[in-house]
Structure formats: C-alpha cells, structure tokens
Amino acid sequence: MMGRCLMVSRIAGLILCLTLAISGPTAGQPVQGMPPNPGFEHGLDGWTVIAPEGAAVAQPAPGAVGQAALSLRDGWVLAEPAQAAGWLRLSLRARPAHPDTAGRLMAALLASDQDGPEAQFALPASEVGEGWHQVVAELLAPPADAVRLALGVDGPEGWLIDEVVLEALERGEAPPPEDAPVVPPPLEEGWEPDGLLDALERRLGTSRELLLYVGRLEVALPARVTARRGERGAMRVTATNRGTEAKELTISVSGPQGLFVPDRTVSIRPSGTTVFDASLQCLRVGELTVRVTCRCGGEEGSAPVRLEVAPAYPAAGMCWLSGPPSDAALRAAGALAAHLHALRIPTDGAAGGLPLPGDLTRVALLGPPWSQEALQGAATALAGCADFLALHRLRGEAGPDRPAELTRELHDALQHAGVGVHALGPPFDLTAAAPPTIDGESLFVTAELAGKIAAPSLRLPALHAAAVGRVTVDEHERAVAQPCWSALSAATRLEDVASALRSQARLPLFFPELCATGTGSPEVDALVLARTLTSCVYQGATGYAPAARPSDCPPGADAFCPLDDDGRPRGVVADAYRELARELAAAVPLVVLRQTPQIGTADTAAVGFRPFMRADEGLLALWNNTGATIDLIFEVRTQPLDLHTVAIGPGGVRRSYLGAFHFSDDAIALNRPVVFVSLEPAQFKLLSMQLAHPHAAWLDSVELKPEIPRSEAKHREFFDEWERRRIDR
C-alpha cells in the first residue's frame, strides 16, 4: 500500500514526535458545541443526513466508547454549525466493515451556507485494517462566521464512527533554518565608489580585471559582468593560493535594491588556482555598480564591479487595475523582486502616459474605448513608456466585438511607430473546471493572431483551496494523497490549455490577474500561491502577475495580493512572492522523463515535482500532497556546487543556503549521487543549485528515501563510480 510504503521508520517517527513536542502543533480546547452528540448516544440528534435512506444509522450496539456508534455508507452527515476558526484537530474512532472493500472515510469543514460537502480529508479502508482505530486529521476551517463538520463515506461498504472530537490547534512558530543565508545590507541607490577601493587593475588585451590580495591569496575579478535578469553564476572568480595549505575564501556582494547574493565560502586548493563562478543575481534590468568583498584569514578587501543586466523571462509581476501605484507601493514591489507591472488605463487616456520607471517591464492594459483611432493614438502615446500593450476588460465586463481584428490593428500601429513595443493578446478566461480549459473561440482568436502578439493572456478563475495537515492512524502517519491537495493540483494543471494553444501558435503564455479566495491561513495562502506560480512557469510563461492590492481583485479574492491597499507588504504571502520571484526568474521548464503515479505530475500523486534549468543552475520544485512527513532522494547527473532551499507551507516561509555542497555519507553509502530532502505534510520546497557541468538532463529521478546500508562509507569507490558513469563530460 502507498501509505505503508511511505511511512517513516520507527526511529524517524520518534524523532518527529520529539520535534513536535518542542515546536509543532498542539491540540487545545474542544470547539464548543461541535460536534453535538459526539458519541451518537442520542441517535442522530444534532446531525443532518445527506445519504440514501438507511445509509446513516446511529447503531445501538457497543461502539468504540459507549453503547452506540454511527454506521455510515455512501453519503454524509453534517453537524450543526458552530463558531470555529484556524486549524482544528479532528479525532474520531473508526472501523471499516470490510477493510479490503470498504470505501474511503472522509471529512470536511465547510461554511454554514455552503451547498454541500466536498472531501477535504480522505482515508482508504486499506490504510486502517480490522477493528477500531484512532484516526486524527488536522483540518483548516474556512473563513466564515460559522462552520460545519461533515463526515462521509464514498462506498457502499460502511464504516462505524464513534467518539468524534474537534479541538483548536495551536501551531508553534517554526524554528529558523540552521543554514539561513547571510545577505549584506543594500547600498544606497546609485552607489558609485571613488576609485577601485582596495583593488588593483590589470589589463588583459582589450579587457581588464581587478586584483585583490587577502590572506595570502590573489583573487582576480572581472571589472565588468553581463548577465540576464535572475541568473546567478555570472562572475568568474580566479583565486591563486601559493601556500601549501587550503584556504577558505568568502565572497560577499552588496548593491542597491534588486540584488540578492548570499555570502558564499569556497575552499581554495593549495599550491594552485581555483576557478569558480560566483553569484551576482539581480532582479532589475540596467546597469549598476556592486561592491565585491573578499575575506580570508582575517583580512578583507573590496572591489567595484560594473554589472549590466539584460531582460529575461519569465518575469514576476503585479497587476494594478484600480489605479496607478504610489511611489511607496512601487518601492515595496521592487523590494519583493517584482519587475513586470501591468497597469490598466482607458485607451483614450493613454496620452497621459504610463507612470512607471523605465527600468521595469511595463504593460499597458487598454480599457475601452477600442476604436481603431483610439488604438492608434494609444500606440503612439505609449510608444516610449511601455514595453507591451494589450486590449483589456475587467472580469465580468464585455470585451471587444472584434478582439482579433482590433489586436491586429494595435500590432500594426505599434509596428508603424517602430519603437520595439509588442502587443499581447486580450485576456482569455479559463473555465473553473478541474483541470481548466479554454473555449474554442479563444483558440480561434489565438490562431488568427499568430505572429502578431508576443503571448496570449490566460486568466485563471479565482482559485479556492482547502487544507489538510498531519494525518495519523493510531499515532502513525499515513502518507495518502489528500483530496484537497489533489483538487488544487487539478485546478492549476494547465498542460491541456497550453497544448491546445500551441497547436495553434508556438507562443509563450502570460498569466495576469492571478487571485484566490483566502483559506483562513496566510501561510496556506502562500503555499497555494507557490504551487500556482510554479504551475504557470512550468508552462513556459513569459510572465505572471497576481493582482497587486485587494482593490485590484474581485471581491473576496485577495489571498494572493502581495501588497495591501496602502502599498505595504502583506506578511507571509509577500515573503513567499519575493522568494518565488527570485527562484523562478528566467527558469526554463524541463520534460519529466522518469516518474511514477505516486511521485510525479499526476493530480493524485503523493508527491508532485517539476524540474527547471536556469543558465548553470538546476531547479526542482516539490510538494507534499499527504498528511505525513516524506523523505525523498533525487539523483543528479552532474555535481551540484551549492544549494538554495525555499520551504513554504503551514509553518510559514523559510529559506536556507548551503554555499559548498558535498554528497553526504548516506549518498556515499548508497553509492549513488543523490540529494536528500524531507517534506513536511502539505509543504512545498523549491531547490536551486549551481551545477558543475550544467545540461538539460541534470535530474535523473525523484524517489522515496531507501534504507541506508549499515556499512562504512567507501568514498573512493563512490567517486570512482561517479566519474565512470557521469554523462555530462
């Protein structure tokens, strides 16, 4: 069984229990009035039945506790509404009638005015076995004045249910990672040094390099570096060590807002030269000067390096539909690494320009009127202050009668202006079905516009998600894919839409106005945002742009907004947006070659994953659809040099950084070049690593962590075998 296969070992379970006792979620007071009649000693008083006649019976026979139990099959029972919020701990005693054939035991928390229950939690009978068992699941209550608990069974073979308890769950603050990145404070905007600071200049033909002498090392840096937005390993460093002992060199890079470079320490071999590519990740376009500081043996020296950053896609963006952003909001957006900004303006008001700085990717969303004259005027007026133009209608607003013809006219007007501004397609609304689809008329319009637009705009419906945390049976975790997470995977699975569009035109995609209703937990909202953005980028997005502020969203769908209406960052959602903007910038999706139904791209997989590349980096997004901690390995076909990890989930947003990667003793004991990663229940992780020899087949497989052989690690055999089977030479 999948659940049993994914169970952690007894030792790992003991460690987990100790960890939870220190910082994990703890149950609090029972929710008052929920559920009434928890042991069904008074029949079905306090419960509403949604099931065929006779499918729900308060059976007057010895239950797990007391003299009665609920017998339920092929239906639901709903408790009376009560006030509850946040994470709740559902505990009940359950017994399947036939462990091999009974359906799933299900549960959900729903708003009191919701039409009917949809399974939030589910447990197959095969994961329980014979007899009575204690089943516990962490459920997130929807944001509502009152909620109802629903219990269900989805098969004709019944379950007995008894002793239902619902308690408030207190989540302790997650401890910070031990290897949190160290990032220098930013320099003031427009920083320029006097001279070369501590560096000497050396000319090599027509180029020049800067030399620093620290700790008896000679460190050579390029005086000028060219990179694409978001890419990391752009600065070639040459360190010469004439001593007989290895030395540790720390590279620290500081610059104005838009630069993200954690300090990195590299071992410099003795009596020789070590060459490596240091990080210079910048999320803004243009030229700037950064200060590179080298430290070794208690000494340090700094040099100014000129950095030129060219555009790259996908770009992280924001949509401003209710009016232009204030200067403070733009600064806040810049601090969150948002570089693409889509601003709605009326076409006949375009003469006022687009009030956005020129170092941003600027998208003008042209509201009505859409006459040929108005579009030509807008193309002329916005030619110098926008990079993309598109016809735009608000959700629910009538669009243009001739979208293809008007968009072609917009394209022709831009071509006539001759300033390199591109047209985007008008927004195509996807269905709210799972998976979403695109209608035939929109496909036809896309085909008509092939060669005229840079990308079609795909507008997802406002997403809605429920959440499940840890799930246990008799205090043992069960790694079963939960329906709420499978539903989220289906709602954001865009492969069919992308395939349909690309059958008409080979174009990248643009995802504007991403929005979602709140789950009741900002941490879970951040998790849903992470999975949504990853799904968009995996389809080859040229950009993505959540609604910037609540006022830019449909009512009640502001869960993805990184800023509030005053332009201030919105806590953990803003944190998740910033980290994803850094990690997904310039990412190129890769085909998943090796997967299984349990670990792969299926909606019902226990673990979902998506691989990417970015210049010399490999990126891997992973998420846990179950209620258990899952330990994984992924095998690589080239040596990682460092490792960034962004973790997003019910515990919040955490980033860690390992500046010098080495295969672990466990990898050597397995005699496989694997990286170990652990996913907590419902957690998302995005790992990015600089590769010694980057290539598109850098990822071999993602698997469950196997048992580690209890033998001495044979380092020489491991590295000989690794060298023999490397495919990147």
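On a predicted model such as this, the values are computed, not experimentally measured, just so you know. (Residues numbered from 1 in each chain as written. Predicted model: local features only at pLDDT ≥ 70, side-chain atom pairs only at ≥ 80, totals over all residues. Heavy atoms only, no water.)

Some remarks on unusual backbone geometry
Stated formally: Helix and strand definitions follow DSSP, with helices as H or I runs of at least four residues and strands as E runs of at least two, each counted in order from the N terminus. We call a residue buried when its accessible area falls under 20% of the maximum for its residue type, exposed when it is over 50%, and partly exposed in between, using a 1.4 Å probe and counting protein chains only.
Between P368 and the following residue, P369, the backbone shows a cis peptide bond with an omega angle of 10 degrees. Of note in the backbone geometry, F40 takes a positive phi value of approximately 60 degrees without being a glycine. Summarising the element assignment, F40 is placed in the loop between β1 (26-30) and β2 (47-50). Its relative accessible area of 1% is what places F40 among the buried residues. In this structure, A586 takes a positive phi of about 65 degrees despite not being glycine.

Examining the pattern of salt bridges
Rule in force here: Here, a salt bridge means any Lys or Arg side-chain nitrogen found within 4 Å of an Asp or Glu carboxyl oxygen.
This structure, assessed with the given rule, holds 44 salt bridges. Between E201 and R203 there is a salt bridge, and its shortest N-O distance comes to 3.9 Å. Note on E201: relative accessible area 37%, which makes it partly exposed. The salt bridge partner of E308 is R224, with a shortest N-O separation of 3.4 Å. Of this pair, E308 sits in strand β21 (residues 299-310) while R224 sits in strand β15 (residues 224-228), placing them 84 residues apart in sequence. Overall, R224 belongs to the partly exposed group, its relative accessible area being 45%. Connected through shared salt-bridge partners, R232, D575, R578, E579, R582, E583, R614, E617 and R655 make up one network.

Overview of the packing of aromatic side chains
Going by this rule: Aromatic pairs are defined between Phe, Tyr and Trp rings, using the six-membered ring for Trp, whenever the two ring centres lie within 6.5 Å; interplanar angles under 30 degrees are classed as stacked, those over 60 as edge-to-face, and all others as tilted. The criterion is that NZ of a Lys, or CZ of an Arg, lies within 6 Å of the ring centre and within 35 degrees of the ring normal, and then a charge sits over that ring.
In the structure shown here, the tally under the stated rule is 4 aromatic pairs. Ring geometry for Y538 and F612: centres 5.6 Å apart, planes at 90 degrees, overall edge-to-face. With a gap of 74 residues between them, Y538 in helix α9 (residues 522-538) and F612 in strand β35 (residues 607-614) connect regions that are remote in the sequence. Note on accessibility: Y538 and F612 belong to one class, buried. Relative to F663, the ring of F661 lies with its centre 5.4 Å away and its plane at 85 degrees, an arrangement referred to as edge-to-face. Note on F661: relative accessible area 9%, which makes it buried. On the basis of relative accessible area, F663 is assigned to the buried category, the value being 8%. The ring of Y313 has R229 lying over it, and the distance from NZ or CZ to the ring centre is 5.3 Å. Here R582 stacks its cationic end above the ring of F260, 3.8 Å away from the centre of that ring.

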